[in-house]
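Single-letter residue listing:
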Amino acid sequence: MTTETKETITSETQNLNLEELTTPKYSYKEEIETVIATLEENDSAMVSKTGDSHLWKFQYGSVEVFVQLTGETEEDLLTVWSVILNLPAKNEPELMKKLLEMNWSGTFETYFAIFNNQIVVSTQRTVADLSPTEISRAITLVATIADDHDEILQAEFGKG
């Protein structure tokens, strides 16, 4: 190896920055779309883009699932949610007790919450160090838990 080659290699190595070394080789957006393609039913997936933010919606069983990615920097968020019951509901104190008990034992990294006067199943985290497996797990868990519980909770607590 010549001195000139060694200098070029050293110079190129010094020009690498930490972001290049830690930036994932995949796109979070592409990974989300891959997961949604495996779960969606009846070609139901839709996406809306505003700036760096993306919002997907797709049908899974009896629920609609929403996936929002605010961007691809470490501070950006991946949020997944699905509405399972509109409020007000019958016997809300009992409903809230049931949801809190389910949050403790049956929701894994997801949780039941209230958003826009609706009961939702949700999960959220920053995209820092987010792996394709975590993206898949987040979307799959929200979709499955929402689909497994929406009709039961609507039958017991729904106003309809």
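What counts and what doesn't
Residues numbered from 1 in each chain as written. Predicted model: local features only at pLDDT ≥ 70, side-chain atom pairs only at ≥ 80, totals over all residues. Heavy atoms only, no water. Core = buried A, V, L, I, M, F, W, Y, C linked by side-chain atoms within 4.5 Å. Buried < 20%, exposed > 50% of the residue type's maximum accessible area, 1.4 Å probe, protein only. Helix = DSSP H or I, 4+ residues; strand = E, 2+ residues; numbered from the N terminus. Expected span 1.5 Å × (residues − 1). Arc of directions from axis to C-beta. Contact = heavy atoms within 4.5 Å. Pairing = 2+ DSSP bridges.

(A) Spatial organisation of the nonpolar core. Within the largest apolar cluster, 36 residues are counted, with the highest numbers of intra-cluster contacts made by Ile 32, Val 65, Val 67, Leu 95, Phe 112 and Ile 139. Listed by contribution, the elements that provide at least two residues to this core are helix 3 (28-39), strand 2 (53-60), strand 3 (63-69), strand 4 (77-86), helix 4 (92-105), strand 6 (118-126) and helix 5 (132-157). Among the elements that make up this core, the one with the highest residue count is helix 5 (10 residues).

(B) Quick peek at the environment of Asn 42. Structurally, Asn 42 is set in the loop between helix 3 and strand 1 (46-50). When the C-alpha positions of Asn 42 and Tyr 60 are compared, they lie 9.3 Å apart, and in sequence the two are 18 residues distant.

(C) Inspection of helix 4 at higher detail. The end-to-end C-alpha distance of helix 4 is 20 Å, a good match for the 20 Å that 14 residues give at a rise of 1.5 Å each. Residues of helix 4 that are buried: Leu 95, Leu 99 and Met 102. The buried residues of helix 4 occupy an angular sector of 65° when projected down its axis, which confines them to one face. Those residues of helix 4 that are exposed and angled more than 90 degrees off the buried face are Pro 93, Leu 100, Trp 104 and Ser 105. Along its buried surface, helix 4 packs onto strand 4, strand 5 (111-115), strand 6 and helix 5.

(D) Region of the structure containing unusual backbone geometry. In the segment running from Leu 87 into Pro 88, the intervening peptide bond is cis, with an omega of 5°. Its location among the elements puts Pro 88 in the loop between strand 4 and helix 4. With phi around 50°, Asp 43 is a residue other than glycine that occupies positive phi space. Note that Asp 43 resides in the loop between helix 3 and strand 1. By relative accessible area, Asp 43 is classed as exposed at 73%. Positive phi outside glycine occurs at Asn 116, with the angle close to 55°. Residue class for Asn 116 comes out exposed when judged on its relative accessible area of 59%.

(E) The pairing of strand 2, seen in detail. When strand 1 meets strand 2, the two strands line up antiparallel, connected through five bridges. Bridge assignment links Thr 50 to a residue of strand 2, and that residue is Ser 53. In textbook terms, the turn of a hairpin is the stretch between consecutive antiparallel strands, and for strand 1 and strand 2 this stretch comprises two residues, one of which, Gly 51, has a positive phi near 60°. Here strand 2 pairs with strand 3 via seven bridges, running antiparallel. Within strand 3, the residue paired with Lys 57 across the bridge is Phe 66. Taking the residues that link successive antiparallel strands as the turn, the strand 2-strand 3 hairpin has two residues, and the phi of Gly 61 there is positive, at about 60°.

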